Amino acid sequence: MHSSDDYDIVCRYPAFEVRLNKFGGQQGLFSTESYNQGDTLIQFSIRSTQPSPTYLTIQIGEAEHFEFEPDHLKYLNHSCNPNVFLDLTNHTLIAETAIESGDELRFFYPSTEWKMDQPFDCNCGAGNCLGSISGAHALSSAQLSNYKLSPYIQHKLTH
Ligand SMILES: [Zn+2]
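A.B. asks: What should I look at first to understand the packing of aromatic side chains in this one?
C.D. replies: Each aromatic ring pair is specified by the distance between its two centres and by the angle formed by the two planes. Scanning all chains against the criterion turns up seven aromatic pairs. Here the aromatic rings of Tyr-7 and Phe-30 are separated by 4.9 Å at their centres, their planes lie at 65°, and the arrangement is edge-to-face. Taken together, the positions of Tyr-7 in strand S1 (residues 7-13) and Phe-30 in strand S3 (residues 27-31) put the pair 23 residues apart, joining distant regions of the chain. Considered together, Tyr-7 and Phe-30 belong to a single accessibility category, that of buried residues. Note on Phe-107 and Tyr-109: the rings are 5.0 Å apart at their centroids and 45° apart in plane angle, and the pair reads as tilted. Each member of the pair Phe-107 and Tyr-109 is classed as buried.

A.B. asks: Explain the coordination of the zinc ion to me, please; I cannot follow it from the model alone.
C.D. replies: Octahedral metals with six donors have ideal donor angles of 90 or 180 degrees. Tetrahedral metals with four donors have an ideal donor angle of 109.5 degrees. The protein atoms donating to the zinc ion are Cys-80 (SG), Cys-122 (SG), Cys-124 (SG) and Cys-129 (SG), with metal-donor distances spanning 2.3 to 2.4 Å. Around the zinc ion, the four donor atoms are arranged such that angles at the metal cover 103 to 113°; this shape is classified as tetrahedral. The sequence pattern describing where the donors of the zinc ion fall on their chain is C-x41-C-x1-C-x4-C. When its relative accessible area of 28% is taken as the criterion, Cys-129 is described as partly exposed.

A.B. asks: Even after reading the chapter, I still don't get the pairing of S1, so can you show me in this structure?
C.D. replies: In summary, the side chains of a regular strand alternate between the two faces of the sheet. Bridge count for S1 against strand S2 (residues 16-21) is six bridges, and the pairing is antiparallel. Across the sheet, residue Arg-12 finds its bridge partner in S2, namely Glu-17. Between the end of S1 and the start of S2, which pair antiparallel, lie two residues, with Ala-15 showing a positive phi angle near 75°.

A.B. asks: Help me out: how do you make sense of the nonpolar core in this one?
C.D. replies: Looking at soluble globular proteins, one finds that nonpolar side chains tend to be buried together. Core analysis: the biggest nonpolar cluster contains 35 residues, and Leu-41, Leu-76, Leu-86 and Leu-93 have the highest contact counts within it. With sequence-adjacent residues up to four places away left out, Leu-93 is seen in contact with Phe-16, Asp-39, Thr-40, Leu-41, Ile-42, Phe-44, Leu-73, Leu-76, Val-84, Phe-85 and Leu-86.

A.B. asks: Is there a simple way to think about the sheet that holds strand S10 (residues 92-95) in this case?
C.D. replies: Consider a sheet: its strands pair through backbone hydrogen bonds, and that pairing is either parallel or antiparallel. Here we have three strands laid out as an open sheet, ordered S4-S10-S9, and antiparallel in their pairing. At either end of the open sheet lies a strand with only one pairing partner, and these are strand S4 (40-43) and strand S9 (84-87). The average undirected angle you get between the axes of adjacent strands in this sheet is 20°.

A.B. asks: Hey, could you run me through the sheet that holds S1 in this one?
C.D. replies: Spatially, three strands are ordered S1-S2-S3 in an open sheet, and the strand pairing comes out antiparallel. At either margin of the open sheet sits one strand with a lone partner, and together these are S1 and S3. Between one strand and the next, the sheet's axes are offset by a mean angle of 30°, whatever the strand orientation. Across five bridges, S2 lies against S3 in antiparallel orientation. By the bridge assignment, Val-18 is partnered in S3 with Leu-29.

Criteria and thresholds
Residues numbered from 1 in each chain as written. Predicted model: local features only at pLDDT ≥ 70, side-chain atom pairs only at ≥ 80, totals over all residues. Heavy atoms only, no water. Phe/Tyr/Trp six-rings, centres within 6.5 Å; stacked < 30°, edge-to-face > 60°. Helix = DSSP H or I, 4+ residues; strand = E, 2+ residues; numbered from the N terminus. Buried < 20%, exposed > 50% of the residue type's maximum accessible area, 1.4 Å probe, protein only. Donors = N, O, S within 2.8 Å, 3.2 Å for Na, K, Ca; no water. Tetrahedral: all angles 85-135°; square planar, octahedral: opposite > 155°, others 65-115°. Pairing = 2+ DSSP bridges. Core = buried A, V, L, I, M, F, W, Y, C linked by side-chain atoms within 4.5 Å. Contact = heavy atoms within 4.5 Å. Axes fitted to C-alpha atoms, helices over the stretch in contact; angles between N-to-C directions.

What follows is the structure, given as C-alpha cells:
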C-alpha cells in the first residue's frame, strides 16, 4: 500500500479522487469512502458507443465499446487482484472486496475486454499477477475461472 505522499490529487468528485502517481506518472481512481464487499460504489451510464476499442472504452458487444458517464470512471486501472467489478447488466460499480477510504479502485480488464486496443505488461504486484494483459482471448479458462466476467465475455467463451 502506497502512502499518500506518493500521489498528487488531480481532481475530486463525490466519493472519488483522481490521483497522479508521482513516480510512475500514472493516474488512477481512488475511493474516499469505505465499502463492504458487494456494495455499489456508483451507478454509471453509457455516454457513447463506438465500433472499435480504445484504451478508454468498455466492451459490451462484438463491435460495441462505450465510454463512461461520469467520465472520471475512465481512470479505473487494471489489477489481477481487483477490488471492484463492472456490472454491465445493472451499470454499477461493485465492491469485490472490502474497500477503505484511500484505496485505489481497480478492475480486471479482461472481465470486459476480449481483445484490447493497447496490451500491456502488468505490474499490479498481486501474487496471482498474469503478467501480459491483452484481453480475455489470451487467457486460459483456468485463469479466467478465478474472475467474474461480463455477459459478453461469458458469451465469447461459450461460442
Ligand atoms: Zn497483474
